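A structural walkthrough
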Amino acid sequence: MKEYDIVVIGGGPAGLASALAAKENGIKDILILERDRELGGILNQCIHNGFGLHTFKEELTGPEYAARYIERVVDMKISYKLHTMVLDIRPDKVITAMNKEEGLFEIRTKAIILAMGCRERARGALNIPGYRPAGIFSAGTAQWLVNKEGYLPGREVVILGSGDIGLIMARRMTLEGAKVKVVAELMPYSGGLKRNIVQCLDDYGIPLKLAHTIIDIKGKKRLEGVTLAQVDENGKPVLGTEEEYSCDTLLLSVGLIPENELSGGMGVAMNPVTSGPFVNESLETNREGVFACGNVLHVHDLVDFVSEEAAVAGKNAAKYVKNQSENRVSAANSEEIVQDTKVCLKPVNGVRYTVPSTINPSRMEENQIVRFRVGAVYKNKTIGVYFDGEEVLKRKRMVMAPGEMEEVKLSKTMFLSHPNVQSITIQVEDV
Amino acid sequence: MEKRELTCIGCPMGCAITVTMNGMEIKDIAGQTCKRGETYARKEVTSPSRVVTSTVVVDGGTERRVPVKTQNDIPKDKIFECMKALKGIHITAPVAIGDIILVNVAGTGVNIIAAKNIEQQHFV
């Protein structure tokens, strides 16, 4: 069985950045497994610009952003296999995968980086009544058809859900000559980035109807129209608010789900809020030597933060592999047991989750970034961080929204001045 | 005095900016949290511009289409003219990032460049 130091599952932005960081931190034997025909993941179909503002201080398109990482992966001679599907990962880190050339094969590795990304929530998960005609696509599928294949899926479009891909596709289909009639969002706020609402909807006069949903789908062979209705605070349609829209295409942009079948299969503990693994400060899961980053960990808005997070996972995976080989030598002459103290992070009062969910102060870097999302739109609030009830950090925020990921930075000094801290609370509070 | 409400797109923060105008004259810009916000608002009310991205057909490549973009932003009212100019363009692989696809699109003085490397398709 072929052996590696680190195997990265997925060759999208998270996989690429984590592999590069692992290589830069001295690991030679790295393998990236990618199921698609090329590296770069979803960036390849995201032809709009706006990527890389944080990382490269310029606005790139998705393929350009991906190319910068792919070129470095090639330059640094990191090996990768394309068209390769991982079928199973065992808890003892034996990976079963298959491709055309090698058939079904197994590889063993010291560390694993989970970077499988996410997939779109589909119509079946929404329980929209009505027929099942042609013309209903997820926004990402429409993006693939338009940008990669050069097909326009329809002429008259209604979009359900105001996630970023839906907003991007509203503009894209408009530019290609389609008429986007409306974007309906179930929630009273948009799930997309503000800049996308401005540049994809406002620029083209496309109305965004908040607190609205689709209650009927018409057409037997091809979609002919949908019925929109306002919803009340419980998400139930309000009688008498129905509006008919004729359309031949319905795009769904109703959320992304981390793709964690492989993680679950190997016993990685999952956070029900993010649908991604629970991780510690090193972005390591409850399975030793198994790290996670990018959209498989929690869905991001900006690829820049995916790359940044993935680099942390790659660096820690490298550290793990190096420690493991050193420990094997030292373990023979010492019985020393490392005492691991874990501090739990508790998201409360408006904060839905945190990544990481635990911190081991002895293993943390000088600064620890904690990323999280809030559960509603908040204006002029503060984010408060408490170590066992004692305030250590306050950050003012003019606007916080569920669609925009937040972060706070915890420093090593905070932990040094609170050596016995048991839990850290992060919450939204009044100024 | 006319007030225009804008959302800054300089960064994910998305500051809500209010520009007070007297005809074409900017009287006040408020709400931004950094210099970029002011620059954005000033430009947005006087000469709004956008980077346009699309795709064109590639012949003989490993992919059917190559993503392209305007090398710089172009006036907002030239977007559809730019899209029209891209219709029907065929280029031949290989294509490299930065290759000029079309010079001076829609009379804007801005070139359309390739945004992806596409290799030649070799048939075995």
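A quick note: this is a predicted structure, and the numbers were derived from the prediction, not measured.

Cut-offs and rules
Residues numbered from 1 in each chain as written. Chains lettered and ligands numbered in written order. Predicted model: local features only at pLDDT ≥ 70, side-chain atom pairs only at ≥ 80, totals over all residues. Heavy atoms only, no water. Contact = heavy atoms within 4.5 Å. Salt bridge = Lys/Arg side-chain N within 4 Å of Asp/Glu carboxyl O. Polar contact = N/O pair within 3.5 Å; in protein donor to acceptor, adjacent residues only side chain to side chain. Helix = DSSP H or I, 4+ residues; strand = E, 2+ residues; numbered from the N terminus. Buried < 20%, exposed > 50% of the residue type's maximum accessible area, 1.4 Å probe, protein only. Pairing = 2+ DSSP bridges. Arc of directions from axis to C-beta. Axes fitted to C-alpha atoms, helices over the stretch in contact; angles between N-to-C directions. Parallel < 35°, antiparallel > 145°, perpendicular 65-115°, else oblique. Left-handed = near helix turned anticlockwise from the far one by under 90°. Nonpolar A, V, L, I, M, F, W, Y, C, P; charged D, E, K, R; others polar. pLDDT = per-residue confidence, 0-100. Core = buried A, V, L, I, M, F, W, Y, C linked by side-chain atoms within 4.5 Å.

**A word on the interface of chain B and chain A**
On the side of chain A, 33 residues touch chain B, which itself brings 30 residues to the contact. Linking chain B with chain A are eight salt bridges. A:Glu38 is the salt-bridge partner of B:Lys116, the closest N and O atoms lying 2.8 Å from each other. Taken together, the connections running from chain B to chain A amount to 12 residue pairs in polar contact (both at pLDDT 80 or more). Every element with two or more residues in the side of chain B that touches chain A is listed here: strand 5 (53-59), strand 6 (65-70) and helix 2 (79-86) of chain B.

**What about the pairing of strand 26 (residues 378-387) of chain A?**
All names here are of chain A. Counting buried residues in strand 26 gives seven out of 10 residues, a clear majority hidden from the surface. Strand direction decides the pairing type here: strand 26 and strand 27 (residues 390-400), joined by nine bridges, are antiparallel. Within the sheet, the bridge partner assigned to Val385 lies in strand 27 and is Leu393. Taking the residues between adjacent antiparallel strands as the criterion, strand 26 and strand 27 are bridged by two residues, where Asp388 takes a positive phi near 50 degrees. In the sheet, strand 26 pairs with strand 29 (residues 423-430) via seven bridges, with the strands oriented antiparallel. Residue Tyr386 lies in a different strand from strand 29, and its bridge partner there is Thr425.

**Some remarks on helix 2 of chain B**
A turn of α-helix holds 3.6 residues, and therefore any two residues three or four places apart point the same way. All names here are of chain B. Every buried residue of helix 2 is listed here: Ile79, Cys82, Met83 and Leu86. In a view along the axis of helix 2, the buried residues occupy a sector of 100 degrees, so they form one face of it. Backbone geometry just downstream of helix 2 places Gly88 in the positive-phi region, at approximately 85 degrees.

**Section: the packing of helix 4 (residues 164-175) of chain A against helix 5 (residues 194-201) of chain A**
Residues and elements named next belong to chain A. Packing of helix 4 against helix 5 brings their axes to within 8 Å, and their N-to-C directions diverge by 20 degrees. On the basis of the axis angle, helix 4 is roughly parallel to helix 5. In terms of crossing hand, the pair formed by helix 4 and helix 5 is left-handed. Where helix 4 approaches helix 5, its residues Asp164, Leu167, Ile168, Ala170 and Arg171 are matched on the opposing element by Asn196, Ile197, Gln199, Cys200 and Leu201. Of the residues assigned to the contact of helix 4 with helix 5, the class counts are six nonpolar, two polar and two charged.

**Brief notes about the environment of A:Gln45**
Residues and elements named next belong to chain A. Relative to the assigned elements, Gln45 resides in the loop between strand 2 (30-33) and strand 3 (49-51). On the basis of relative accessibility, which here comes to 8%, the residue Gln45 falls in the buried class. On a C-alpha basis, the gap between Gln45 and Gly62 in space is 7.2 Å, while along the polypeptide they are 17 residues apart. Not counting residues up to four positions away in its chain, the partners in contact with Gln45 are Gly140, Gln143, Trp144, Asn147 and Lys148.

**Considerations on the sheet that holds strand 25 (residues 367-374) of chain A**
All names here are of chain A. Strand order in the open sheet formed by three strands is 23-25-28, and the pairing between neighbours is antiparallel. The open sheet has two edge strands with one neighbour each: strand 23 (351-355) and strand 28 (406-411). Here the strands of the sheet are splayed against their neighbours by 30 degrees on average, with no regard to which way each runs. Bridging between strand 23 and strand 25 involves four bridges; their strand directions are antiparallel. Opposite Thr354, over in strand 25, you have Phe372 as the bridge partner.

**A short note on the side chain of B:Thr55**
If you trace the backbone, B:Thr55 turns up in strand 5. When neighbours within four sequence positions are excluded, B:Thr55 is seen to be in contact with A:Ile47, A:Val146, A:Asn147, A:Arg172, B:Arg65, B:Val66, B:Pro67 and B:Val68.

**Focus: the side chain of A:Thr213**
Residue and element names in this part refer to chain A. Structurally, the position occupied by Thr213 is in strand 14 (residues 212-218). Owing to a relative accessible area of 15%, Thr213 belongs among the buried residues under this scheme. Excluding its chain neighbours within four sequence positions, the residues that come into contact with Thr213 are Leu160, Leu186, Thr227, Leu228, Ala229 and Val231.

**With respect to the sheet that holds strand 14 of chain A**
All names here are of chain A. In spatial order, the strands read 14-15-16; together these three strands make up an open sheet with antiparallel pairing. With partners counted over all chains shown, the strands left at the sheet margins are strand 14 and strand 16 (243-246), one partner each. Each strand axis lies, on average, 30 degrees off the axis of its neighbour in the sheet, ignoring direction. The pairing of strand 14 with strand 15 (residues 225-230) spans six bridges and is classified as antiparallel. The residue of strand 15 that forms the bridge with Ile214 is Leu228.

**Overview of the confidence of the model for chain A**
Overall, the predicted model of chain A reaches an average pLDDT of 93, with 97% of residues at or above 70. Note that residues 331-339 of chain A has pLDDT below 50 and, in this model, zero contacts with residues that lie over four places away or in other chains.

**Structural notes on the nonpolar core**
One broad trend across soluble globular proteins is that nonpolar side chains are buried collectively. Residue and element names in this part refer to chain A. Within the largest apolar cluster, 60 residues are counted, with the highest numbers of intra-cluster contacts made by Ile6, Ile9, Ile89, Ile95 and Leu114. Residue contributions to this core peak at eight residues, all from helix 7 (residues 303-330). Setting aside its immediate chain neighbours within four residues, Ile89 contacts Ile9, Val94, Ile95, Ile112, Leu114, Leu262, Gly265 and Met266. The next biggest cluster of nonpolar side chains, apart from the first, holds 43 residues, and it includes Ile159, Met173, Val183 and Ile206.

**A look at the packing of helix 4 of chain A against helix 2 of chain B**
Following both chains from N to C, one finds helix 4 of chain A and helix 2 of chain B inclined at 65 degrees, their axes separated by 10 Å at the closest point. In this structure, helix 4 of chain A contributes A:Arg172, A:Thr174 and A:Leu175 to the contact, and helix 2 of chain B contributes B:Ile79, B:Phe80 and B:Met83. Of the residues belonging to the contact of helix 4 of chain A with helix 2 of chain B, the class tally is four nonpolar, one polar and one charged.

**A closer look at unusual backbone geometry**
With an omega of 5 degrees, the peptide bond between A:Val355 and A:Pro356 qualifies as cis. Along the chain, A:Pro356 falls in the loop between strand 23 and strand 24 (358-359). Note the cis peptide between B:Ala93 and B:Pro94, where omega equals 0 degrees. Tracing the chain through its elements places B:Pro94 in the loop between strand 8 (90-92) and strand 9 (100-102).

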